[in-house]
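Chain by chain, the residues run as shown.
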Amino acid sequence: MLPIPFIFAFGWTNLPMLGWLAAAAAPILIHLWSRRKYREMSWAAMEYLLAAMQRQKRRLRFEQLLLLILRTLLIVLLVLAVAEPYFEQIGAALTSAGRTHRVLVIDGSYSMGYTVDGSSRFDRAKQLARQIVEGSRQGDAHTLVLMADPPRAVVETPALDREEMLREIDGVEMPHTTADLPATVAMVHKIVDGARRENRHLTGHEVYFLTDLGRVGWKPRLSTASLTEFRKRTKQLSESASLVVIDLGQVETENVAVTELRTLETVHTPAQEVSIEATLKNFGRRPRPAQSVELLVDGRPVEQKTVDVPPSGEASVGFSHRFETPGDHHLEIRTAGDALDVDNHRWLALPVRQSIRVLCVDGRPSGEPFGGAADYLAFALSPQDEASPRAMVQAEIVTESALLERDLAPYDCVFLCDVAQFTASEARVLDGYVANGGSLIFFLGPSVLIDRYNSVLGDSGPGDGEARRRLLPARLGPLIDEPVRRLDPMEYAHPIVRPFRGREEAGLLTTPVYRYVKATVPDDGAARIVLKTATGDPLIVEEPIGRGRVVLVTTSADASWTDMPAWPSYVPIVQELLLFCVGGQLQQQNVRVGQMLIASLSSPTGKVPALLQDPDGRSRQLSLRPDGDYSLLSYADTSISGIYTVRFGSPIDTSRLFAVNVDTIESDLTPLGVDRLRDEVWPGIPFVHETTWQDFSRQPTGPIRRVESWPVNLLCLVLGLLFVETFLAWRFGYHTQ
């Protein structure tokens, strides 16, 4: 006997109507009643009739049985239709199967911020996700994934509570990132695979991609091996779940973005006129004449200009501003006039310095003027001409023992001139300095012990019980004792020598070099050759190491190996070396969305309080962690573009600004299109493509199967059977005349 819960599992909304199923017995009772026994009497005329009827007995029985079945079925179907059964729940009642797991993947690339009729694509995706959840059956489960870079599992474990799922959907915010489709597919496959193993009652799995199907995010540039792995993973996912792409993009879109904001100067000082340049790009097909561009400084409007931006082209606009006070400031370029506001802004965090502090370590000090290895260098860094911007450089000369005695953190750059060798303790100090954003510039000379440089600075290894990194951008070889009369700037490609292009009178190319150390630059590293000899040997090599920069000059800073200090190019090249290194520190405060914010302080305790404020005005208390002689602050949640402010408490009492900008590759709103998705991205992968989600019971068509509304179908069947019964009764002659 079936238990009572089984009856309710049929889902009848009007259960008492089932009592009328008893009426289905009426035709049967009438039929049986008509067959009651009578007393038989012989009668000649009746015998004749019975003989005639015997010949038609089988036909009559078939006609009566057919009408009986039809009339009984009419009553049963009518009662079931009025009681509204949902037969799709019968299977779920008989077994624990029949429930569906739906993975909702909302595209979080910032192109989803494109607004149509006052609503963004992202808002529309959230609205449709709500409809899918609200239209699901009781017992279905849902998970939620944000397709971004990197993707994020908002709800990773299948959730049965609809209200909780709806709250999670409402709380999802659009990041300002691009989309990583391969990583998203890998994450969704992991979620589906986990749900199949751990939730056996979820027999159906469906994945819904709510996206604008932008070409940038949906046509990833992958290596052959990565592309093969991506398609393999997608095929595995399609075998485990049905895939549905709900396309929210528009074919015709226009968009203008601020793609670049920079200053022409590397170092900025108070009362200095700063030249600002912004670049706008038109990603649409229509020209944008008189496009408004506004400059804001520290959040205040300063100047506004217009610029003509050609279709599918770029245009630049320049501004200038003078900062009156030192400290961190920020610039913002703002434009308007299109449906995507995210890329209409660009920010630049700008430290304005009162001075640049430089430490010159002299490995061969002398009491005579310009007799030491660093004397010429210090003069070139800070000449006596007060009218020159170089007067802001404060150069201090010390002996090599100062490396362990001085706190290097206050110095923007450290020059190491003809230092004979470094101990493991000194290497550890330099390693910590570079790791926290400092810059080192090595000049060699006659005192240098090449083997000690390679063993202590050229190889990673232990240093006083702690791991240290490689500090030389190239491995040092033998001393070359041959005069070099011509230098090769390598087409002035590097920023250090770029200012010398077209200024041959500066004498850089003809600088006499009599001795230098042959250096070998690794092929697989980040080191770049800045300047080399005519024979191809590197003379200047630079490499980003840690959060700082290291530059190696393979000749001397004084006149022991070269006549460079007496050459007109000496002061400019030394200045460019310094500006290049200090300018690298500016990049640490200007990053892309998704990159980590890192700041270091010269306090090893890590007890300095820090409060971070994001572009939305939300504040977070951060903690610093000790890192050798420094305290390190890191913050990874930079999914929103804008200015992030970190305020350090006592005893530092300072603030630092960070500008986080979008990657404008996502500003290209060109849609991929379903045909290219099917042919180029997911070849051979079955999926359903929809452009909306109107009715959960009808959408989509294809692999996703829905059980139709049975009451309506049953009533239609009842009506049809009535016509059939009437016709057959008339045809068989059983209607009363």
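Here, every reference points to the structure presented above.
One structure accompanies this document, and this report is about it. Model, not experiment: these values are computed from the prediction.

Cut-offs and rules
- Residues numbered from 1 in each chain as written.
- Predicted model: local features only at pLDDT ≥ 70, side-chain atom pairs only at ≥ 80, totals over all residues.
- Heavy atoms only, no water.
- 1 Å grid on protein atoms, 1.4 Å probe; cavity = no way out; pocket = protein on both sides within 12 Å on 5 of 7 lines; lining within 4 Å.
- Points joined across faces, edges and corners; volume = space filled by probe spheres on them.
- Nonpolar A, V, L, I, M, F, W, Y, C, P; charged D, E, K, R; others polar.
- Helix = DSSP H or I, 4+ residues; strand = E, 2+ residues; numbered from the N terminus.
- Patch = residues over 30% accessible without salt bridge, like charges linked within 9 Å, V, L, I, M, F, W, Y side chains within 5 Å.
- Areas by Shrake-Rupley, 256 points an atom, 1.4 Å probe, with all protein chains shown as cover.
- Salt bridge = Lys/Arg side-chain N within 4 Å of Asp/Glu carboxyl O.
- Disulfide = S-S within 2.5 Å.
- Pairing = 2+ DSSP bridges.
- Axes fitted to C-alpha atoms, helices over the stretch in contact; angles between N-to-C directions.
- Core = buried A, V, L, I, M, F, W, Y, C linked by side-chain atoms within 4.5 Å.
- Buried < 20%, exposed > 50% of the residue type's maximum accessible area, 1.4 Å probe, protein only.
- Contact = heavy atoms within 4.5 Å.

## Brief notes about empty space enclosed by the protein
Using the criterion set out here, one finds 2 cavities of 30 Å³ or more in the structure. Estimated volume of the largest cavity: approximately 50 Å³. Contributing to the lining of the largest cavity are Thr266, Val267, His268, Pro351, Arg353, Val582 and Leu586. Class assignment for the residues of the lining of the largest cavity results in 4 nonpolar, 2 polar and 1 charged. Quantified by volume, the second largest cavity comes out at close to 40 Å³. Taken together, Phe443, Leu539, Ile540, Val553, Met564, Ile573 and Leu577 make up the full set of residues lining the second largest cavity. Sorting the residues of the lining of the second largest cavity by element identifies strand S25 (538–545) and helix H15 (570–588) as the ones contributing at least two each. Here the residues of the lining of the second largest cavity sort into 7 nonpolar, no polar and no charged.

## So, a nonpolar patch on the surface
Side chains of Leu719, Leu722 and Phe723 sit close together on the surface and give an oily, nonpolar patch of about 320 Å² of accessible area. By secondary structure assignment, the location of Leu719 is in helix H17 (residues 710–732).

## Topic: the state of the cysteines
Per the stated rule, a full pass over the model turns up 0 disulfides. Take Cys360: it sits in no disulfide, and the sulfur closest to it among the cysteines is that of Cys417, at 5.9 Å.

## Topic: the sheet that holds strand S11 (residues 300–309)
Pairing in this open sheet of 4 strands is antiparallel, and the strands run S11-S10-S13-S14 from one edge to the other. Both outer strands of the open sheet, S11 and strand S14 (345–352), are each paired with one neighbouring strand and no more. The average undirected angle you get between the axes of adjacent strands in this sheet is 20 degrees. Both strand S10 (residues 288–297) and strand S13 (residues 327–335) contribute to a ladder of 5 bridges, which runs antiparallel. Across the sheet, Val297 pairs through a bridge with Leu331, a residue of S13.

## Describing the nonpolar core
Core analysis: the biggest nonpolar cluster contains 49 residues, and Leu104, Leu144, Met165, Ile246, Leu597, Tyr644 and Phe648 have the highest contact counts within it. Beyond its immediate chain neighbours, meaning those up to four positions away, Leu597 contacts Val591, Leu612, Leu633, Ser634, Tyr635, Thr638, Tyr644, Phe658 and Val660. Counting residues in each nonpolar core, the second largest holds 44 residues, with Val358, Val393, Ile441 and Ile540 among its members.

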